[in-house]
Amino acid sequence: EFRRVLFRSQIISASTHSKVRMYQRILVPFDGSIHSKKSLNHAIEIAKASNGIIYLCTIISINPIVPPGSLFGLVKSASRAQLQKKLLTSAKKDAKLMEQEQIAYCKSKGVAAHYKTIIDGNVVEEILKFAKKKSVDLIVIGSQGLQKINKIKILGSVSRKISELASCPVLIIR
């Protein structure tokens, strides 16, 4: 299967070359990491060059968390539910703040942006569903998110899967 590789110079010079595709609907999965911030900046450059719109999305996924002591029966199951509820409430609050900040940031750069927070779900599946729903032309994603394991310098599993499964071009930012 042929995968389109995008070079930054192709995208930036898109307005001067008719053969290079113009990207009007750009999706940026955003988790607040440095890589997602870099991705947003690249997406803003592309959107400015093509008069496009940016769609940001954040997926909140609260995995079953095991509080310390629960393995020994020291924590009641009600405590787990309360902990998960508190974590979800906190994550929603953080996502709302990120939404306001990033929408304002895009606006200050002269680019229209929309933000969607998705609660619970498989991160890759939710990003791909959102991309399809919004008919995006390009996904700009960071090479790594907030989950850093032993500082291994490999392509993050989410960005790798997105690049393999997306129906549109994917630009991975390092």
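Residues numbered from 1 in each chain as written. Predicted model: local features only at pLDDT ≥ 70, side-chain atom pairs only at ≥ 80, totals over all residues. Heavy atoms only, no water.

1. Regarding the side chain of T58
Mapped onto the secondary structure, T58 falls in strand 2 (residues 53-60). Taking relative accessible area as the criterion, T58 reaches 5% and is therefore assigned buried. A polar side-chain atom of T58 sits 2.7 Å from the main-chain carbonyl oxygen of F30. One polar contact links T58 to Y115, side chain to side chain, over a distance of 2.4 Å. Other than its neighbours up to four places away in sequence, T58 contacts F30, A95, M98, Y115, K116, T117 and I118. (Helix = DSSP H or I, 4+ residues; strand = E, 2+ residues; numbered from the N terminus. Buried < 20%, exposed > 50% of the residue type's maximum accessible area, 1.4 Å probe, protein only. Polar contact = N/O pair within 3.5 Å; in protein donor to acceptor, adjacent residues only side chain to side chain. Contact = heavy atoms within 4.5 Å.)

2. Overview of the pattern of salt bridges
If you walk through the whole model with that rule in mind, you get three salt bridges. Put simply, E164 and R160 hold a salt bridge, and the shortest N to O gap is 3.1 Å. Residue E164 and its partner R160 are located together in helix 5 (residues 157-165), separated by four residues, close to a single helical turn. Taking the relative accessible area as the measure of exposure, E164 reaches 42% and is therefore partly exposed. (Salt bridge = Lys/Arg side-chain N within 4 Å of Asp/Glu carboxyl O.)

3. Observations regarding the side chain of Q102
Mapped onto the elements, Q102 comes out in helix 3 (residues 77-108). Look at Q102 and you get buried, because its relative accessible area is 10%. If we skip the residues at most four places from it in the chain, Q102 touches F30, L40, L56 and Y115.

4. A few points about the confidence of the model for the protein chain
Per-residue confidence for the protein chain gives a mean pLDDT of 81; residues scoring 70 or more make up 72%. Put simply, helix 1 (residues 8-12) is where the protein chain has its lowest mean pLDDT, 47, and strand 1 (residues 25-29) is where it has its highest, 97. Across residues 8-20, where pLDDT falls below 50, the model places 15 contacts with residues more than four positions away in sequence or in other chains. Note that residues 148-155 has pLDDT below 50 and, in this model, seven contacts with residues that lie over four places away or in other chains. (pLDDT = per-residue confidence, 0-100.)

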